[in-house]
Amino acid sequence: MSDCLFCKIIAGDIPADKVYEDEQTLVFKDINPHAEVHLLMVPKVHIDSLDGLGPEHDGLMAHMMRLLPVLAKQQGLSDGFRTIINTGKGGGQVVFHLHVHLLGGTELPGFG
Ligand code: AMP
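1. Topic: the nonpolar core
As a rule of thumb, soluble globular proteins bury nonpolar side chains together.
Piece 1. One finds M41, M64 and L102 to be the most contacted residues of the largest nonpolar core, which totals 16 residues.
Piece 2. Ranked by residues supplied to this core, first place goes to helix α2 (residues 58-74) with seven residues.
Piece 3. Sequence-distant contacts of L102, that is, excluding residues within four places in its chain, are made with V37, H38, L39, L68, L71, A72, L77, F81 and R82.
Piece 4. Grouped together as the second largest cluster of nonpolar side chains are 10 residues, C7, I10, L26 and L40 included.

Shown next, in the form of C-alpha coordinates:
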(Lines give C-alpha, C1' and ligand atoms only; values in the text may rest on other atoms or scores of the structure.)
Protein backbone atom coordinates (compact mmCIF):
# COMPACT_ATOMS: atom_id res chain seq x y z
CA MET A 1 0.00 0.00 0.00
CA SER A 2 1.57 3.25 -1.15
CA ASP A 3 0.60 5.34 1.89
CA CYS A 4 1.45 2.71 4.52
CA LEU A 5 4.40 3.58 6.76
CA PHE A 6 5.47 -0.03 7.34
CA CYS A 7 5.15 -0.87 3.61
CA LYS A 8 7.56 2.02 2.98
CA ILE A 9 9.98 0.58 5.56
CA ILE A 10 9.68 -2.86 3.93
CA ALA A 11 10.35 -1.29 0.51
CA GLY A 12 13.40 0.52 1.92
CA ASP A 13 11.91 3.97 1.23
CA ILE A 14 12.02 4.88 4.93
CA PRO A 15 14.98 3.78 7.07
CA ALA A 16 14.56 1.45 10.02
CA ASP A 17 16.90 -0.30 12.42
CA LYS A 18 16.45 -3.81 11.02
CA VAL A 19 17.07 -6.81 13.23
CA TYR A 20 15.86 -9.71 11.07
CA GLU A 21 14.48 -10.28 7.59
CA ASP A 22 13.31 -13.23 5.54
CA GLU A 23 10.99 -13.72 2.57
CA GLN A 24 7.85 -13.27 4.64
CA THR A 25 8.71 -10.94 7.50
CA LEU A 26 10.75 -7.95 8.58
CA VAL A 27 11.70 -7.16 12.17
CA PHE A 28 12.96 -3.75 13.23
CA LYS A 29 13.39 -1.69 16.40
CA ASP A 30 10.45 0.42 17.52
CA ILE A 31 11.31 4.10 17.09
CA ASN A 32 9.77 4.89 20.50
CA PRO A 33 10.78 1.94 22.68
CA HIS A 34 8.76 1.07 25.79
CA ALA A 35 11.33 -1.44 27.07
CA GLU A 36 15.04 -2.13 26.74
CA VAL A 37 14.14 -4.44 23.84
CA HIS A 38 11.17 -3.31 21.77
CA LEU A 39 10.92 -4.81 18.31
CA LEU A 40 8.17 -4.77 15.70
CA MET A 41 7.59 -7.83 13.52
CA VAL A 42 5.64 -7.15 10.34
CA PRO A 43 4.53 -9.37 7.47
CA LYS A 44 5.93 -8.15 4.14
CA VAL A 45 2.51 -8.47 2.57
CA HIS A 46 0.18 -5.65 3.57
CA ILE A 47 -2.51 -6.75 6.02
CA ASP A 48 -4.27 -3.97 7.95
CA SER A 49 -4.65 -5.85 11.22
CA LEU A 50 -5.73 -9.17 12.71
CA ASP A 51 -9.15 -8.28 11.27
CA GLY A 52 -7.71 -8.64 7.76
CA LEU A 53 -6.50 -12.20 8.15
CA GLY A 54 -7.87 -15.03 6.04
CA PRO A 55 -7.01 -18.72 5.75
CA GLU A 56 -4.39 -17.82 3.12
CA HIS A 57 -2.38 -16.22 5.94
CA ASP A 58 -2.28 -19.27 8.21
CA GLY A 59 1.23 -20.29 7.17
CA LEU A 60 2.53 -16.73 7.47
CA MET A 61 1.09 -16.29 10.95
CA ALA A 62 2.46 -19.62 12.15
CA HIS A 63 5.86 -18.60 10.79
CA MET A 64 5.72 -15.30 12.67
CA MET A 65 4.60 -16.89 15.94
CA ARG A 66 7.40 -19.45 15.79
CA LEU A 67 9.98 -16.78 15.01
CA LEU A 68 9.14 -14.63 18.04
CA PRO A 69 10.81 -16.81 20.71
CA VAL A 70 13.83 -17.32 18.46
CA LEU A 71 14.27 -13.56 18.09
CA ALA A 72 13.63 -12.98 21.79
CA LYS A 73 16.47 -15.36 22.66
CA GLN A 74 18.72 -13.71 20.08
CA GLN A 75 18.02 -10.41 21.86
CA GLY A 76 19.12 -11.93 25.16
CA LEU A 77 15.62 -12.30 26.59
CA SER A 78 16.29 -15.71 28.11
CA ASP A 79 13.94 -14.97 31.00
CA GLY A 80 10.86 -14.28 28.90
CA PHE A 81 9.25 -11.60 26.80
CA ARG A 82 5.93 -9.95 26.02
CA THR A 83 4.10 -9.79 22.70
CA ILE A 84 1.32 -7.32 21.92
CA ILE A 85 -0.85 -6.99 18.83
CA ASN A 86 -3.04 -3.90 18.89
CA THR A 87 -6.09 -4.24 16.65
CA GLY A 88 -8.16 -1.30 15.48
CA LYS A 89 -8.54 2.14 17.01
CA GLY A 90 -10.24 0.66 20.06
CA GLY A 91 -7.22 -1.61 20.58
CA GLY A 92 -4.78 1.27 20.39
CA GLN A 93 -3.55 0.51 16.87
CA VAL A 94 -1.93 3.54 15.26
CA VAL A 95 -0.16 2.02 12.25
CA PHE A 96 -2.59 0.00 10.16
CA HIS A 97 -0.16 -2.64 8.93
CA LEU A 98 -0.34 -5.77 11.10
CA HIS A 99 2.58 -5.88 13.55
CA VAL A 100 3.61 -7.75 16.66
CA HIS A 101 5.35 -5.80 19.41
CA LEU A 102 8.08 -7.87 21.10
CA LEU A 103 9.13 -6.38 24.44
CA GLY A 104 11.48 -7.38 27.21
CA GLY A 105 14.63 -6.70 29.19
CA THR A 106 12.78 -4.29 31.46
CA GLU A 107 10.32 -5.12 34.21
CA LEU A 108 6.97 -4.87 32.49
CA PRO A 109 3.76 -3.88 34.29
CA GLY A 110 1.33 -6.69 34.99
CA PHE A 111 -2.34 -6.72 34.09
CA GLY A 112 -3.58 -7.83 37.49
P1 AMP B 1 0.57 0.47 17.31
O2 AMP B 1 0.07 1.44 18.34
O3 AMP B 1 0.42 -0.96 17.76
O4 AMP B 1 -0.01 0.72 15.94
O5 AMP B 1 2.12 0.69 17.27
C6 AMP B 1 2.79 1.38 16.26
C7 AMP B 1 4.23 1.43 16.67
O8 AMP B 1 5.00 1.85 15.57
C9 AMP B 1 4.52 2.41 17.82
O10 AMP B 1 5.08 1.70 18.92
C11 AMP B 1 5.52 3.38 17.20
O12 AMP B 1 6.50 3.81 18.11
C13 AMP B 1 6.10 2.58 16.06
N14 AMP B 1 6.63 3.36 14.95
C15 AMP B 1 6.03 4.40 14.33
N16 AMP B 1 6.81 4.86 13.33
C17 AMP B 1 7.92 4.08 13.33
C18 AMP B 1 9.11 4.05 12.53
N19 AMP B 1 9.32 4.92 11.53
N20 AMP B 1 10.05 3.13 12.82
C21 AMP B 1 9.87 2.26 13.84
N22 AMP B 1 8.77 2.22 14.61
C23 AMP B 1 7.82 3.12 14.36
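That covers the picture; the talk isn't over yet.
2. Remarks on the state of the cysteines
Piece 1. For the structure on display, the rule yields zero disulfides.
Piece 2. Residue C4 stays outside any disulfide, its sulfur separated by 3.7 Å from that of C7, the closest cysteine.
Piece 3. Look at C4 and you get buried, because its relative accessible area is 5%.
Piece 4. Given a relative accessible area of 14%, C7 falls into the buried group.

3. Observations concerning the site of the ligand
Piece 1. Surrounding the ligand, one finds 16 residues, the nearest of these being D30, N86, V94, H99 and H101.
Piece 2. N86 places a polar side-chain atom, nitrogen or oxygen, 2.9 Å from an oxygen atom of the ligand.
Piece 3. Contacts to the ligand include H99, whose side-chain N or O atom sits 2.7 Å from an oxygen atom.
Piece 4. In the complex, 83% of the free accessible area of the ligand, which totals 510 Å², lies under the protein chains.
Piece 5. Residue assignment for the shell around the ligand shows that the elements contributing at least two residues are α1 (5-11) and β2 (25-29).
Piece 6. The element that contributes the greatest number of residues to the shell around the ligand is α1, accounting for three residues.

4. Section: the pattern of salt bridges
Any two side chains of opposite charge can pair if their charged atoms end up close together.
Piece 1. Taken as a whole and assessed by the stated rule, the structure comprises two salt bridges.
Piece 2. The closest approach of N and O atoms between D17 and K29, which form a salt bridge, is 3.9 Å. Of the two residues, D17 sits in the loop between α1 and β1 (18-21) while K29 sits in strand β2, which places them 12 residues apart along the sequence.
Piece 3. The residue E21 makes a salt bridge to K44 at a minimum N-O spacing of 2.8 Å. Of this pair, E21 sits in strand β1 while K44 sits in the loop between β3 (37-43) and α2, and the two are 23 residues apart along the sequence.
Piece 4. Given the relative accessible area of 25%, K44 is considered partly exposed.

Criteria and thresholds
- Residues numbered from 1 in each chain as written.
- Predicted model: local features only at pLDDT ≥ 70, side-chain atom pairs only at ≥ 80, totals over all residues.
- Heavy atoms only, no water.
- Core = buried A, V, L, I, M, F, W, Y, C linked by side-chain atoms within 4.5 Å.
- Buried < 20%, exposed > 50% of the residue type's maximum accessible area, 1.4 Å probe, protein only.
- Helix = DSSP H or I, 4+ residues; strand = E, 2+ residues; numbered from the N terminus.
- Contact = heavy atoms within 4.5 Å.
- Disulfide = S-S within 2.5 Å.
- Near = heavy atom within 4 Å.
- Polar contact = N/O pair within 3.5 Å; in protein donor to acceptor, adjacent residues only side chain to side chain.
- Areas by Shrake-Rupley, 256 points an atom, 1.4 Å probe, with all protein chains shown as cover.
- Salt bridge = Lys/Arg side-chain N within 4 Å of Asp/Glu carboxyl O.

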